[in-house]
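One letter stands for each residue in the lines below.
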Amino acid sequence: MNKRPVIICTDPGIDDFIALAVLLQQPQLDIRGMIALSGNVGLPITVNNALLAGELCGRTDVPVLAGSATPLARPARNACNIHGASGLGTSVERYSNRKPLAQDAAEFIVQTARQFPGALEIISLGPLTDVARALTLDPAIAQLLRQIVVMGGGIKRGNATQYAEFNIVADPEAADVVFSSSAPVVMIGLDATHQCLQPRSQIAEMAADTELGRMVGLMLNDYADMYRRVHQLEGVVIHDAICALWLLQPNLFYTEPMRVKICLDNGAHLGQTMAVTDGAPFATVAMGLDAEGVARRIVDEVHRAVIQ
Ligand code: RIB
Ligand code: CA
């Protein structure tokens, strides 16, 4: 089987961790590295959590790199109100004793894109800072990438603000670099992910009496508590795990070609992903999904990961 080379950019983060558990067990994916960057929580914590994911999923062969500690041009935001100070909820605080690979993240992306011309897929589950740095370092890689799959944005809604989704508004300048490049961008945003609100009852199907299974159960229950408190929602939207399914089963999504522009004006609309009629390259934008099919595949994939 020709395995598909993939780089994961991530800011774990509870939903990132679930996505990593799904992606790290796929035999058809050649995960070349996980780049942990500042996003939901600060850099040292996201690096720690990515290292933990590798350990608990039996994938310490996958290198973890420390990505950007701050956005390109603004102070860092965080989402501790959703993910807790540890990034993995309020019940989980664990420390890895491993260290990340000592290589610059942008250089790693460029080197890997050139090593796998036309084949490398990048999936971004956090801010786009390091993807943007790589495209700036070597713009020609835009033509070498098979796709850049972005969990982020929302044409009809935001979550961090009324108009902007967290990953985009956390580094809007980086998102502008990525969406205005000629790279093939796939946007899995809130228009799609919010159609898959999974009930608490499904959390028990994703937990198990294993080290990873117990951790997943604790994290997702905390996530549900925080979703109830912050978003007044009963259940969980596991955004990054939903995005990960694009790599496994893209026919679960309904997409439209759209020219997407990132609002960089300071103010209420900062970080908004706007559909425009010209002045931006086309992206493939997920505007819907098969909610039952997505939820079932996530439950099945996570269950398989935690019982191993
Ligand atoms: O808006 C949801 C996204 O922001 C997810 O990637 C979550 O982990 C946070 O990074
Ligand atoms: Ca994330």
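Our subject is the structure listed above.
Residues take numbers from 1 onward in each chain, read along the sequence in its written order. Chains and ligands are labelled by the order in which they are written, letters from A for the one and numbers from 1 for the other. Per-residue local features are limited, in this predicted model, to residues with pLDDT of at least 70; the limit for side-chain atom pairs, both in listing and counting, is 80 or more; totals at the level of whole chains, interfaces and linings are taken over all residues. Only hydrogens and water are set aside when side-chain values are computed; all heavy atoms of the structure are taken into account.

Draft legend 1. Structural view of helix α7 (residues 172-179). The cut-offs for exposure are 20% and 50% of the maximum accessible area for each residue type, with area from a 1.4 Å probe on protein chains only; residues under the lower value are buried, those over the upper are exposed, and the others partly exposed. The numbering of helices and of strands both runs from the N terminus, where a helix is a DSSP run of H or I of at least 4 residues and a strand a run of E of at least 2. Among the 8 residues that make up α7, 6 are buried, leaving the element largely enclosed by the rest of the structure. Every buried residue of α7 is accounted for by Pro-172, Glu-173, Ala-174, Ala-175, Val-178 and Phe-179. Should any heavy atoms of two residues lie within 4.5 Å, those residues are considered in contact. Of the surrounding secondary structure, the elements contacted by the buried residues of α7 are α5 (129-137), β5 (147-151), α6 (166-169), β6 (185-188), β7 (253-262) and β9 (282-289).

Draft legend 2. Layout of the packing of helix α11 (residues 239-248) against helix α12 (residues 291-307). Axis separation between α11 and α12 bottoms out at 10 Å; the angle between their running directions is 90°. With respect to α12, the axis of α11 lies roughly perpendicular. For the pair α11 and α12, the contacting residues are Ala-241, Ile-242, Leu-245 and Leu-248 in the first and Val-294, Arg-297, Ile-298 and Glu-301 in the second. Residue classes follow a fixed rule: Ala, Val, Leu, Ile, Met, Phe, Trp, Tyr, Cys and Pro count as nonpolar, while Asp, Glu, Lys and Arg count as charged, and any other residue, Gly among them, counts as polar. For the contact of α11 with α12, the class distribution of residues is 6 nonpolar, no polar and 2 charged. Axis lines are fitted through C-alpha atoms, for helices just across the contact stretch, and the angle between N-to-C directions can take any value from 0 to 180 degrees. Should an angle fall under 35 degrees it is called roughly parallel, over 145 degrees roughly antiparallel, and 65 to 115 degrees roughly perpendicular, with every other angle called oblique.

Draft legend 3. The sheet that holds β6, seen in detail. Strands pair, by our definition, only if DSSP identifies at least two bridges between them. Read from one edge to the other, the open sheet built from 9 strands follows the order β3-β2-β1-β4-β5-β6-β9-β7-β8, with strand pairing classed as mixed. The open sheet is flanked by β3 (64-66) and β8 (273-276), the only strands paired with a single partner. Direction aside, the axes of adjacent strands within the sheet are offset by 30° on average.

Draft legend 4. Examining α12 more closely. End to end, α12 covers 24 Å across 17 residues, agreeing with the expected 24 Å (1.5 Å per residue, within 8%). Among the residues of α12, Gly-293, Val-294, Ala-295, Ile-298, Val-299, Glu-301, Val-302, Ala-305 and Val-306 are the ones counted as buried. Contact partners of the buried residues in α12: α1 (14-23), α9 (201-206), α10 (211-231), α11 and β9. Expected span, for any helix, means 1.5 Å times one less than how many residues it has.

Draft legend 5. How the structure looks around the packing of α1 against α10. Their axes nearest at 10 Å, the elements α1 and α10 cross at an angle of 145°. Where α1 crosses over α10, the two elements pack in a sense that is left-handed. Here Ile-14, Asp-15, Phe-17 and Ile-18 of α1 lie close against α10, whose contacting residues are Leu-212, Met-215, Val-216, Met-219, Leu-220, Tyr-223 and Met-226. For the contact of α1 with α10, a count of residues per class yields 10 nonpolar, no polar and 1 charged. Here a crossing is called left-handed whenever its near helix is offset anticlockwise from the far helix by less than a right angle, and right-handed whenever the offset is clockwise.

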